[in-house]
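Summary of structural features
Chain by chain, the residues:
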Amino acid sequence: MRTHLTASLAYALALPLLAGAAAPALAQAAREPAPGMAAQAPAAPERIQEVPSVTALDPAQIKPGTILFTDHRDNPSAPENGLTPYLDWVRNRPAEAAALAPFPGYKEPDYTVTVNGVTKPRHETLKVYVAEGRFVVARPPEAIDLAAFANLAFVQRMDPAIRHKAVDPADVTPTKDPAAAFAKRPDRPWCADAAACIESRYDLEGKLPLGVKLANKLEEGSSKKIAEFVSFQSELRVLPAAEAAALSKLTRVDTAVTGGLEQTIFWVNQILRFGKFLAVFQPMPGDPTKTVVTTYMALAIKADVLDRKAEYARVPVLKNLLPAQVLMGNSSFNTGNSISAGLPTYARNRIAAFADALAKR
């Protein structure tokens, strides 16, 4: 029973991790705004334009206020549609994987686990969800101050449901905990050149805390309990010019990249291995008074969370708590207007929230 419940509730530990991208989840078009969020514009149907590829449309054709969006799902009702094995992602979309992996040369984790006193090596496979958005800001790139978005104060203002605080780079988990050493950067310490080093906490919402309580009660005697919250660490930074310049191969906009902003989730207490939000800024081709902003969201999930469908599908109380179903927003357990609504909804709203923040500055 412990294995069934732990796997079944894994989605609850993965959904909130996108909050490390440091923004609120705006109301989904068909849902009511969350309390305290009424002042923010909803991601209306006419605002989010679903496209097969955001790079296929001439940026000059994007209407004011419109956001092009894709998360590569051609069959949204299928449980794992939109989730790509990490190795396939690296092979088939190399420019995207290079930009959105935690660091250059990132590989799926290898580490050791000890069970009943026996230590064994373990290789962990990952599946990746990636969403892309593109919109136009009616100001030239030089009028956009990226440093205004690369700080803890900005993160704290964006989402009251998530608590954030600064963490000393020397105290980040991959540096201090030998069990998390696989998450270290090989080229530099995490947060070494970041504008902000952040520790965040998101308390599970809706029905999820009750599900965790039930699982933990049924697992009495276990030394490892499922947490009713997700904690994660990330670095937020403005990209150095050389790193930003290389991203034009990814965006396929025919002007030089003038700046980039990224937040990388490098450690999470449960289920997720990494996440990233990336925004790339370029002058509009033929009109340098406008800026084309291309945004990306990536989330890497441990594949074994998704591979136990038959096990927990047989447990009646967990029938609608299949991890892939809830993760992709296809379960009755999805709730609210925030990240618990599912990754596709959150990704749309996250990108819309960032577009709103840029429009107000």
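Up top you'll find the structure we're talking about.
This write-up is about the structure you can find in this document. Predicted model, so just to flag it, every value in this text is computed and none were measured. (Residues numbered from 1 in each chain as written. Predicted model: local features only at pLDDT ≥ 70, side-chain atom pairs only at ≥ 80, totals over all residues. Heavy atoms only, no water.)

**Focus on the overall build of the protein**
Helix and strand counts for the protein come out as 12 helices and 12 strands. Partitioning the intrachain contacts of the protein with sequence separation of at least 6 by distance along the chain shows that 71% fall at a separation of at least 24. (Helix = DSSP H or I, 4+ residues; strand = E, 2+ residues; numbered from the N terminus. Contact = heavy atoms within 4.5 Å.)

**Let's talk about the nonpolar core**
Within the largest apolar cluster, 48 residues are counted, with the highest numbers of intra-cluster contacts made by Tyr-129, Phe-135, Phe-149, Phe-281, Val-293, Phe-354 and Leu-358. The greatest single-element share of this core, amounting to 10 residues, is contributed by helix H12 (residues 343-359). By size, the runner-up hydrophobic cluster in this structure holds 28 residues, among which are Tyr-86, Ala-97, Val-130 and Phe-274. (Core = buried A, V, L, I, M, F, W, Y, C linked by side-chain atoms within 4.5 Å. Buried < 20%, exposed > 50% of the residue type's maximum accessible area, 1.4 Å probe, protein only.)

**Examining the state of the cysteines**
A covalent bond between the sulfur atoms of two cysteines is what we call a disulfide. Per the stated rule, a full pass over the model turns up 1 disulfide. In this model Cys-191 forms its disulfide with Cys-197; the gap between the sulfur atoms is 2.1 Å. When the S-S torsion is 70°, as for the bridge of Cys-191 with Cys-197, the disulfide is right-handed. Just as Cys-191 is buried, Cys-197 falls in that class too. (Disulfide = S-S within 2.5 Å.)

**Description of H12**
Because each turn of an α-helix spans 3.6 residues, side chains separated by three or four positions end up pointing in the same direction. With 17 residues, H12 extends 24 Å from end C-alpha to end C-alpha; this agrees with the ideal 24 Å at 1.5 Å per step. Taking burial as the measure, the 17 residues of H12 include 16 buried ones, the bulk of the element. (Expected span 1.5 Å × (residues − 1).)

**Topic: the pattern of salt bridges**
Scanning all chains against the criterion turns up 20 salt bridges. What you see here is one network of salt bridges that share partners, running through Arg-188, Asp-193, Glu-235, Arg-237, Glu-243, Glu-262 and Lys-276. (Salt bridge = Lys/Arg side-chain N within 4 Å of Asp/Glu carboxyl O.)

**Re the pairing of strand S12 (residues 287-302)**
Along S12, 12 of the 16 residues are buried, which leaves the element largely enclosed by surrounding structure. Alignment of strand S6 (residues 126-137) against S12, held across 12 bridges, turns out to be antiparallel. Bridging across to S12, Val-130 finds its partner in Ala-298. (Pairing = 2+ DSSP bridges.)

**Examining the pairing of strand S4 (residues 110-115)**
Judged from the 6 bridges that link them, S4 and strand S5 (residues 118-123) form a sheet pairing that is antiparallel. Within the sheet, the bridge partner assigned to Thr-114 lies in S5 and is Thr-119. With antiparallel pairing between neighbouring strands as the criterion, S4 and S5 make up a hairpin whose turn holds 2 residues, including Asn-116 at a positive phi of roughly 55°.

**So, the packing of aromatic side chains**
Summed over all chains, the structure comprises 11 aromatic pairs. Between the aromatic rings of Tyr-86 and Trp-89, the centroid separation amounts to 5.7 Å while the plane-to-plane angle is 65°, which identifies the pairing as edge-to-face. Separated by 3 residues within a single helix, Tyr-86 and Trp-89 lie in helix H3 (residues 86-92), roughly one turn from each other. Given a relative accessible area of 0%, Trp-89 falls into the buried group. Seen in terms of ring centroids, Phe-149 and Phe-154 are 5.0 Å apart; in terms of plane orientation they differ by 85°. Their pairing is edge-to-face. Looking at Phe-154, the relative accessible area reads 6%, which means it is buried. Ring-pair connections join several aromatic residues into one group, and the members of that group are Tyr-86, Trp-89, Phe-103, Tyr-106, Trp-190, Phe-266 and Phe-274. When the ring centre of Phe-229 is taken as reference, the NZ or CZ atom of Arg-201 above it lies at 3.7 Å. (Phe/Tyr/Trp six-rings, centres within 6.5 Å; stacked < 30°, edge-to-face > 60°. Lys NZ or Arg CZ within 6 Å of the ring centre and 35° of its normal.)

**Focus on unusual backbone geometry**
Unusually for a residue other than glycine, Cys-191 sits at a positive phi of about 75°. When you line up the elements, Cys-191 lands in the loop between helix H6 (173-176) and strand S8 (196-203). In this structure Cys-191 comes out as buried when scored by relative accessible area, which is 6%. Not every positive phi belongs to a glycine, and Arg-252 is a case in point at roughly 60°. Tracing the chain through its elements places Arg-252 in the loop between helix H9 (248-251) and strand S10 (259-268).

**Considering the side chain of Ser-231**
As for its placement among the helices and strands, Ser-231 is situated in strand S9 (residues 229-238). By relative accessible area, Ser-231 is classed as buried at 14%. Excluding residues within four positions of it along the chain, Ser-231 makes contact with Ser-200, Arg-201, Trp-267, Val-268 and Asn-269.

**Points about the side chain of Ser-234**
Relative to the helices and strands, Ser-234 resides in strand S9. At a separation of 2.8 Å, a polar atom in the side chain of Ser-234 contacts the side chain of Gln-263. (Polar contact = N/O pair within 3.5 Å; in protein donor to acceptor, adjacent residues only side chain to side chain.)

**Remarks on the environment of Pro-59**
Tracing the backbone shows Pro-59 in the loop between strand S1 (48-50) and strand S2 (67-70). Along the backbone, Pro-59 and Thr-291 are 232 residues apart, and their C-alpha atoms lie at a distance of 9.6 Å. Apart from residues lying up to four places away in sequence, Pro-59 is in contact with Arg-134, Val-136, Val-253, Met-284 and Val-292.

**Some points on the environment of Ala-161**
Topologically, Ala-161 is positioned in the loop between helix H5 (152-158) and strand S7 (162-166). Residues Ala-161 and Arg-201, spaced 40 residues apart in sequence, show a C-alpha to C-alpha distance of 8.9 Å. The residues contacting Ala-161, other than those within four sequence positions of it, are Arg-201 and Tyr-202.

Functional significance is not addressed by these values, which are geometric in nature.
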